[in-house]
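So you can see what is in the structure, the chains are spelled out below.
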Amino acid sequence: SDNFTKSDNKVEVVRLYLNLMQKLNAENDLGSVYQTLSEKANDCQLLELSEIIQKDDSSENDCSKLVLQMLLENQALKQFSTVIKDLESYSSGFNLLHDYTVKNDLSFDQKQDCDVTRNELFLSYLDFLDDGKNSMTVDDVLKKNFPHGAPLGGVIIVDPNGEKGVRSGFLYVTSLEAGLQMCKNGGILYLKSYEYKAENFDVIHKNSSKTLRIIGEDCSNCSISGALRIQSMGEVTIQNIKFEIGDNPESVDAINVFSGKVSFERCIFECFVNTAFYVHPGSQNKTLTSPQTKLSMKECILEGLGSCQRFFAIEEGGGNGDLCLYIDTCYFNEAYSGLTVQKKPYTWHNVRVTFSNCYFNDLQDGVRIDCDNSNTACDIYNINCYFNLCLYDEDEPSNAVSCSNIKSINASHCTVQYNHTQGTAVHANCVNN
């Protein structure tokens with residue numbers, strides 16, 4: 001602590017602590033380090049440390065995470081974003097801010113400060129992605145997915161500006177359709193930066209034991225325009241891609257998820273259409289090829305551009321279907337609704353909808369699920385979400401969460417802000433729990 005207070009190179013002191021902890025096999029216990037340091041660090045020293053780390057390109061992510069924790073503990077949130085400088089520190093920032101909010105008994109003013117900081121972090125994160133700073137080379141992808149030097153087989157690279165063939169152990173193709181056709185059994189499909197356009201792109205994954213990973217070079221210059229249909233027997237992960245869904249409100253383009261465990265990570269969605277995502281519950285009939293459907297998103301940006309009516313819709317499915325919709329740390333902007341399920345009878349076997357650590361900005365409705373038949377097997381969870389609600393249609397209600405004839409709803413650590421006088425935080429009708 002004395003060294004930290006007196007030293008001119010505070011980053012080096014932090015590294016010394018981390019190295020000492022590694023020798024003691026305690027590298028995962030960062031709590032004692034930042035607690036000890038923060039005891040003698042005032043706000044000026046914390047700011048100085050964050051500025052030093054911001055300028056120090058060689059500093060490791062552990063150091064940035066350490067400073068973020070110290071800033072939270074000292075409630076110096078105005079300096080929070082100054083520490084963020086790469087993709088991993090954005091992830092650390094979002095996660096630490098979320099944990100701090102839900103695990104502490106905060107006052108309303110403290111909760112507001114956290115909400116403001118999270119919004120600033122999302123906007124900075126969007127600029128980071130738009131500027132192409134999340135670029136991933138093929139080597140980056142291989143290091144992340146094969147950390148122990150696994151064989152390079154099963155890697156296909158789509159390069160529309162290149163030539164077909166095998167080079168350096170990789171199979172090169174010149175169209176996204178060809179790449180998707182060759183990856184039906186899983187593997188890695190790496191997309192070089194390009195504007196991929198087609199009326200429909202079909203992702204058909206037939207291997208339940210091998211994950212299919214579709215990874216773009218960066219969100220700024222690697223984009224997919226057109227409808228996307230996904231059906232999987234296993235897991236499909238899509239990362240680092242910008243999706244341009246439709247080019248006008250009358251467009252019928254959409255992303256349809258029919259089955260499998262499908263996750264989008266660090267993607268941008270520009271949604272001009274009425275509905276961006278249609279999610280179809282799987283079938284309980286084990287003899288069919290359609291298993292349970294799970295759609296998850298993490299650290300994604302969804303832009304409604306003042307045109308999108310709803311980002312998500314849940315369909316009837318194949319009968320007695322299972323579905324899990326899990327949205328974590330995502331930013332929704334300028335649309336009528338986040339999720340809307342129109343009022344009609346459903347035969348869902350088990351549907352679970354979770355929004356965690358999300359920011360809904362300039363929406364009239366957050367989450368709306370209205371069912372005709374009583375006790376539909378649907379559960380809604382909203383955890384630490386911020387709803388900034390505006391009014392697009394004065395004749396319709398504006399609710400952060402609205403549901404009827406479902407099994408349960410759980411909302412915690414949420415903030416709802418209205419820019420009008422017609423809002424309701426939670427509207428629940430015929431809900432068991």
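Higher on the page you've got the structure.
My aim in this report is to walk through the structure given alongside it, one point at a time. (Residues numbered from 1 in each chain as written. Predicted model: local features only at pLDDT ≥ 70, side-chain atom pairs only at ≥ 80, totals over all residues. Heavy atoms only, no water.)

Looking now at the pairing of strand β21 (residues 398-412). Across the 15 residues that make up β21, a large majority, 11, are buried. Across 4 bridges, strand β18 (residues 359-371) lies against β21 in parallel orientation. Across the sheet, residue Asp-370 finds its bridge partner in β21, namely Ser-404. Across 6 bridges, strand β19 (residues 376-383) lies against β21 in parallel orientation. The residue of β21 that forms the bridge with Tyr-381 is Asn-410. In this structure, β21 lies alongside strand β23 (residues 423-431), joined through 7 bridges in parallel fashion. Of the residues in β23, the one forming a bridge with Ser-398 is Gly-423. (Buried < 20%, exposed > 50% of the residue type's maximum accessible area, 1.4 Å probe, protein only. Helix = DSSP H or I, 4+ residues; strand = E, 2+ residues; numbered from the N terminus. Pairing = 2+ DSSP bridges.)

Right, let's get into helix α8 (residues 138-145). Of all the positions in α8, only Val-138, Val-141 and Leu-142 are classed as buried. Within α8, the buried residues cover an arc of 95° as seen down the axis, which keeps them to one side. Elements in contact with the buried residues of α8: β1 (155-158), β3 (170-173), β4 (187-191) and β6 (212-216). (Arc of directions from axis to C-beta. Contact = heavy atoms within 4.5 Å.)

One pass over the structure, following the stated rule, counts 10 salt bridges. Put simply, Glu-195 and Lys-197 hold a salt bridge, and the shortest N to O gap is 3.8 Å. One salt-bridge network, in which partners are shared between bridges, spans Glu-88, Arg-266 and Glu-299. (Salt bridge = Lys/Arg side-chain N within 4 Å of Asp/Glu carboxyl O.)

In β1, alternate side chains face the same way, and those of Val-155 and Ile-157 on one face and Ile-156 and Val-158 on the other are all buried. For β1 and β4, the ladder comprises 4 bridges, and the chain directions are parallel. If you follow Val-155 over to β4, its bridge partner there is Ile-188. Pairing of β1 with β3 involves 3 bridges; the strand directions are parallel. Bridging across to β3, Ile-157 finds its partner in Tyr-172.

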